[in-house]
Structure formats: structure tokens, C-alpha cells
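# Breakdown of the fold
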Amino acid sequence: MSQGQRMSQEQIIISNQSEDQLRLDKLLAQELGDFSRSYIQKIISAGGVSVDGYPLYKKAEMIAPGTEVEIIIPPAEDSELEPEEIPLEIIFENKDCLIINKPAGMVVHPSQGHPTGTLVQAVIAYAPEIEGVGGVKRPGLVHRLDQDTSGVILLAKNDRAQGEFQDQFKNRKVGKVYLALVDGRPPSPKGRVEVAIGRDPKYRQRMAAVQDREGKEAVSEFFTQEEFSKHTLLKVSILTGRTHQIRVHLAFLGCPVAGDKVYGRKNPSLPLSRQFLHAHQLSICLPGETEQRTFEAALPEELEAVLGKLKQGVIGS
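Just so you know, these numbers come straight off a predicted model, no measurement behind them.

In this section: the packing of aromatic side chains. This structure, assessed with the given rule, holds 1 aromatic pair. Aromatic side chains Phe 92 and Phe 295 sit 5.1 Å apart centroid to centroid with 45 degrees between the ring planes, which places their arrangement in the tilted category. Separated by 203 residues along the polypeptide, Phe 92 in strand β7 (residues 90-93) and Phe 295 in strand β17 (residues 293-296) bring together distant segments of the chain. A relative accessible area of 18% means that Phe 92 is categorised as buried. Taking relative accessible area as the criterion, Phe 295 reaches 6% and is therefore assigned buried.

Attention now moves to the state of the cysteines. All told, the structure shown has 0 disulfides when counted by the stated rule. There is no disulfide at Cys 97, and the cysteine sulfur nearest it, in Cys 285, is 11 Å away.

Read across the open sheet, the 4 strands follow the order β1-β6-β3-β4; overall the sheet is antiparallel. Looking at the sheet topology across the chains shown, the edges are occupied by β1 (10-15) and β4 (54-55). As defined by bridge partners, β1 adjoins strand β6 (residues 68-73) across 6 bridges and the pair is classed as antiparallel. Residue pairing in the sheet places Ile 12 in a bridge with Ile 71 of β6. Contacts from helix α2 (residues 37-45) reach β3 (49-51) and β6, with the element oriented near 95 degrees to β6.

Let us look at the side chain of Thr 232. With respect to the secondary-structure elements, Thr 232 resides in strand β15 (residues 231-238). Here the side chain of Thr 232 touches Gly 184 through a polar contact of 2.7 Å, landing on its backbone oxygen. When residues no more than four places from it in sequence are discounted, the contact partners of Thr 232 are Ala 180, Leu 181, Val 182, Gly 184, Arg 185, Pro 186, Thr 224, Glu 226 and Glu 227.

Our focus in this paragraph is the pattern of salt bridges. Per the counting criterion, the structure on display carries 15 salt bridges. One salt bridge in this structure joins Arg 247 and Asp 146, with 3.0 Å as the shortest N-O distance. A residue pair is termed long-range when its members are at least 10 positions apart, and Arg 247 in helix α5 (residues 245-252) and Asp 146 in the loop between α3 (119-126) and β9 (150-156) qualify at 101 residues. The pair Arg 247 / Asp 146 is uniform in exposure class, with both members buried. Arg 274 is the partner of Glu 302 in a salt bridge, and the nearest nitrogen-oxygen pair spans 3.1 Å. Here the residue Glu 302 occupies a position in helix α6 (residues 301-312), and Arg 274 occupies one in the loop between α5 and β16 (277-284), the gap between them amounting to 28 residues. Accessibility expressed as a relative area gives 39% for Glu 302, which makes it partly exposed. With relative accessibility at 4%, the residue Arg 274 sits in the buried group. Three or more residues are tied together by salt bridges with common partners; here these are Glu 93, Glu 129 and Lys 157.

What follows deals with helix α4 (residues 159-170). Compared with the 16 Å implied by 1.5 Å per residue over 12 residues, the 16 Å span of α4 between its first and last C-alpha is a close match. By the burial criterion, the buried members of α4 are Asp 159, Ala 161, Gln 162, Gly 163, Phe 165, Gln 168 and Phe 169. Taking the backbone nitrogen of Arg 160 as reference, a side-chain oxygen 3.3 Å away marks Asn 158 as the first, capping residue of α4.

Moving on, we come to α2. Within the span of α2, buried status applies to Tyr 39, Ile 40, Ile 43 and Ile 44. Mapping the buried residues of α2 onto a view down its axis gives an arc of 145 degrees, with all of them on the same face. Across α2 from its buried face, at more than 90 degrees, point the exposed residues Lys 42 and Ser 45. Where the residues of α2 are buried, they touch α1 (24-31), β3, β6 and α4. A positive phi of about 85 degrees marks Gly 47, the residue just after α2.

With that settled, consider the environment of Phe 165. Note on placement: Phe 165 falls in helix α4. Exposure remark for Phe 165: the relative accessible area of 0% places this residue in the buried category. Note: C-alpha distance between Phe 165 and Val 314 (149 residues apart in sequence) is 44 Å. Setting aside anything within four residues of it in sequence, one finds Phe 165 in contact with Asp 96, Cys 97, Val 142, Leu 154, Ala 156, Ile 284, Cys 285, Leu 286 and Pro 287.

Cut-off values and rules
- Residues numbered from 1 in each chain as written.
- Predicted model: local features only at pLDDT ≥ 70, side-chain atom pairs only at ≥ 80, totals over all residues.
- Heavy atoms only, no water.
- Phe/Tyr/Trp six-rings, centres within 6.5 Å; stacked < 30°, edge-to-face > 60°.
- Helix = DSSP H or I, 4+ residues; strand = E, 2+ residues; numbered from the N terminus.
- Buried < 20%, exposed > 50% of the residue type's maximum accessible area, 1.4 Å probe, protein only.
- Disulfide = S-S within 2.5 Å.
- Pairing = 2+ DSSP bridges.
- Contact = heavy atoms within 4.5 Å.
- Axes fitted to C-alpha atoms, helices over the stretch in contact; angles between N-to-C directions.
- Polar contact = N/O pair within 3.5 Å; in protein donor to acceptor, adjacent residues only side chain to side chain.
- Salt bridge = Lys/Arg side-chain N within 4 Å of Asp/Glu carboxyl O.
- Expected span 1.5 Å × (residues − 1).
- Arc of directions from axis to C-beta.

Next comes the structure, spelled out in C-alpha cells:
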């Protein structure tokens, strides 16, 4: 039973049936396939695992062959999210995940000012089993995209898959490629930006390029795809996942994302109602597989139209 389906706490007895001692968290993780090792470790730390009535608080406790371990799985937290029937463009789906092409303008999860119409509310209407996976407010989420950034986004359908995906993101084993049209051009056709990102000291709702000690490490690589008279189409690969990373890094280089009124021009240089930033590709290893797969979302029609007009010289000259 997945975390999202539990209505009450569950008592489970696990026995070490191997011939060797096993770490407590490893034993439980391999026997409870729906739950990630990190989630099980939280239960251990909270005193939810015991042997012969004595709680075990150490995840690395060695369990002898034949020993029975009792674990109490707490009930999933009650979710306040209301499912909403909103159409979704599904790129890929299996028992472990949903990969969606998120449209620009859609907020990923409810927040102040955006209580409804979000991606997760659409997802729990489509796949109710996701509700409760990984947390009440952000069920199934592994990563996120800004409201006005379109493209590929991944959601996990169960706790184990979410844990595996999160480990890949944490260990930088995921490929994330974006398409960005920028004002002007970067200082070189291709390059790497290693500049820390933190809160803007003047405008706290914004992020900024800061000194290393004041922010978090952020690494982006860019490659020129096409040059126009006053704009450049870039392919951007991010090795870290900081808030507004691409937008901040490109602005730092002096070539902000076209249509970005926060980090770029207040008056857009092109007829755009949104920033020209699209999550084009996501490469990741799915649970049970050993090779990465790459999932792709084509540029939305409104961005393709702007590119077409740039190529024709109708705009941007």
C-alpha cells in the first residue's frame, strides 16, 4: 500500500531472512518496496521501529539473521488539496511516474496568491494515488518549474520512486536542458557559469548572483543554437537546481531571457507575454532500469511563432 493510500497507521513485522546481518534501514527498505530509504529512516528516528518491544533509533543498527523487526507506518497526512479536472499533456506514464509538458502560466503547487488551478491539483485529479506521496502540499513533486516556464516536469507516483528520483537529482545524475531566447548575446558562443545564487539583499522576493559564502553553489552551461541581430537562442544545461537559476545566470552574463520582466527588461524587446524559457529535455533513469531515458517537449506554438518572425526579420531588428 502506498503512502498516499494509508488512512490509518499500519503495523508490519519484517524478518531478516538472509544469512547475514543487515543494516536496519536497508532491511526495511528492501522489504517495504513502496517506501524510500530516507522515509524509513525518519520512522526509525521517531521511534517507530522496535525489536521485542524495544525501540531502535539507529538506522545503521545491525539486524541478525532470523530477527523480527516491527515497524509502525504512520497514516498519511490529511491533504487539503482539492483535485481539479484540468487537461494535462502527458509525455510519459508508468506505474512509478508521470512526465508532463507543463504550460506557461500554470503554478506547480498552491502558494500564496495561487490557491487553485495548479499542476498538483490537476495531477491528483488524474492520478489520485499520488496524493500524500512525499508530503501534503507537494504530492509527487521531485523538482519544479517557474510559473511562466513551460516544459518537461516529473512527478513520482509512489514514495520509493520519489526517493530514487530525488537521489538522482541530489547526486547530479539528471540531465536538464532548457531553450532560452536572450536579449543580446553571451560573451562567448558557449561557456560555463559558476556563480552562487542567493536572496537579493535589496529585493527579498528575488534571487541574485552573490558571493559564494552568501548563497548556494549554482552551475550552468550554455551553447549558442542560433544568432539574430539583437537576440540569441541558447541551449542551457543546468548541473544544479537553484531557484531562478537560468534567469539569474543569463542576466549576470548581460544577456537576460527575453520577456523576463524580473531579471531582464521591464519593457520586453519582443512581443512576448511570458519569458522565453522552456524545459526542453529531461534525462533520468527510471526505477528498475539501468540506462537513462530522455524525455522531450517541443517549444510551445507561441514561442515557435516568435522564432519564426525573428528568422524572417519581421521583428527584433
